[in-house]
Amino acid sequence: MVTSKKRIGIVGARGHTGAELIRLVAAHPALELAYVSSRELNGQRVEDHVEAYKGELRYSSPAHEELPSLDADVVVLALPNGKASACVEAFDAAGKDPVIVDLSADYRFDNSWYYGLPELTRNKWRGEKRISNPGCYATAIQLSVAPLKDMLAAPPVCFGVSGYSGAGATPSDKNNPEKLRDNLMPYSLTGHMHEKEASRHLGIPVEFMPHVAPHFRGLTVTTNLYLSRALKREDVLARFQQAYAGEKLVCVLDEAPWVSQIAGKHHAEVGGFALSADAKRVVVVATLDNLLKGAATQAMQNINRAIGVDEYTSIPL
Ligand SMILES: NC(=O)C1=CN([C@@H]2O[C@H](COP(=O)(O)OP(=O)(O)OC[C@H]3O[C@@H](n4cnc5c(N)ncnc54)[C@H](OP(=O)(O)O)[C@@H]3O)[C@@H](O)[C@H]2O)C=CC1
Ligand SMILES: CC(=O)N[C@@H](CCC(=O)OP(=O)(O)O)C(=O)O
């Protein structure tokens, strides 16, 4: 039974992922918001921006050095890439050691941080209080490749298409609805951060070609897996079913999933499993909501484990 709630602070709460986390925290029996920061919304009521939250809390805009004195048990950094370390250093300097979950890419290559993709790394958690939350595409890529990783004859080739909320709330071509209308915008076609991230955590090279599309949320990754020997479709399907048996947030489907059906949902879907005529190439399709399983929901799984409650607490299943 929960006796006292843990206090959670969200740094960078104006963004899309910050707003999703506020919704999850609002429904959480063991967490309460200590602070939510945004320079732009400083002083405004949280309730006026995130309907699910009921209460008097207002956005604030503390300097990095002030964060440790706000005494949260859990701190989520939802800042753009490159901005997390100043906050982490402020906690170190103050001798404070809350659970820190970083949504950016800044610590995904740092072995002293736990990389929290629960369905693949749950068994590696050793009680770390520094948790790096995976990237959205990188999550879909790894879920698509992991069950066949030991059978590959060549690097997986992954074609990704994301809704434009993936590009954050700060204006750019990639979240400009005018430029995206009737369009599919390719970008970072080699060397994308998530190509490096998925390669690092799978332990094999992957190739990834991202695109952004006119829909708001949800992404698709279609992956070509070249096999070292021919497989039957039923064996491929069985491998995926076995790998994700009992996982509440990864659904293995027979059909290829559609992104239109994953928006607003907390789980990932993996399906398709189309085999080439020689049965040595299989195409796997994964979808997930980039703001949920690709960010806030995955963060909530990690936070739940770190505070010692059921991993799925407050996550609608
Ligand atoms: N969007 C997505 O699908 C996913 C995003 N992520 C990662 O999560 C993090 C947050 O993403 P998202 O919510 O989309 O980002 P946004 O760009 O929408 O929001 C970023 C937040 O950071 C604040 N901010 C922006 N610039 C600065 C700055 N220079 N210094 C301090 N604060 C700043 C903004 O608030 P204000 O300017 O008011 O202070 C805002 O609250 C990013 O690292 C992103 O890569 C991870 C997975 C998926
Ligand atoms: C459409 C779009 O721009 N998507 C983002 C991915 C969002 C994400 O997960 O990014 P982080 O690795 O920074 O956390 C991108 O390609 O950079």
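Residues numbered from 1 in each chain as written. Chains lettered and ligands numbered in written order. Predicted model: local features only at pLDDT ≥ 70, side-chain atom pairs only at ≥ 80, totals over all residues. Heavy atoms only, no water.

Caption draft 1: Highlighting the packing of helix α1 (residues 16-26) against helix α8 (residues 292-307). Running from amino to carboxyl end, α1 crosses α8 at an angle of 40°, the nearest separation of the two axes being 9 Å. As far as their axial angle goes, α8 and α1 are oblique. The crossing of α1 and α8 is right-handed. Residue-level contacts link T17, E20, L21, L24 and V25 of α1 to L292, A295, A296, T297 and M300 of α8. Of the residues in the contact of α1 with α8, the class split is seven nonpolar, two polar and one charged. (Axes fitted to C-alpha atoms, helices over the stretch in contact; angles between N-to-C directions. Helix = DSSP H or I, 4+ residues; strand = E, 2+ residues; numbered from the N terminus. Parallel < 35°, antiparallel > 145°, perpendicular 65-115°, else oblique. Left-handed = near helix turned anticlockwise from the far one by under 90°. Contact = heavy atoms within 4.5 Å. Nonpolar A, V, L, I, M, F, W, Y, C, P; charged D, E, K, R; others polar.)

Caption draft 2: Representation of the domain arrangement of the chain within the structure. On domain assignment, one finds that the chain holds domain 1 (6-134 + 295-307) and domain 2 (136-290). For domain 1 versus domain 2, the distance between C-alpha centres works out to 26 Å. Facing the 19 residues of domain 1 at the interface are 24 residues of domain 2. The junction of domain 1 with domain 2 conceals about 1800 Å² of combined surface from both sides, 54% of it contributed by carbon and sulfur atoms. Contact with domain 2 buries area across many residues of domain 1, yet H16, F109 and E119 alone supply 33% of it, more than any other trio. Viewed at the interface, domain 2 and domain 1 are joined by three salt bridges. For E197, the salt bridge goes to R108, with nearest N and O atoms at 2.8 Å. Remark: the boundary between domain 1 and domain 2 carries 11 residue pairs in polar contact (both at pLDDT 80 or more). Put simply, the parts of the chain that give the side of domain 1 that touches domain 2 at least two residues each are α1, α3 (118-121) and α8. Considering each element in turn, the side of domain 1 that touches domain 2 owes the most residues, four residues, to α8. In terms of residue class, the side of domain 1 that touches domain 2 is made up of eight nonpolar, five polar and six charged. (Domains from an automatic or database assignment. Buried area = accessible area lost by both parts, 1.4 Å probe. Salt bridge = Lys/Arg side-chain N within 4 Å of Asp/Glu carboxyl O. Polar contact = N/O pair within 3.5 Å; in protein donor to acceptor, adjacent residues only side chain to side chain.)

Caption draft 3: Layout of the side chain of T139. Take T139: it is sitting in helix α4 (residues 136-145). On the basis of relative accessibility, which here comes to 0%, the residue T139 falls in the buried class. (Buried < 20%, exposed > 50% of the residue type's maximum accessible area, 1.4 Å probe, protein only.)

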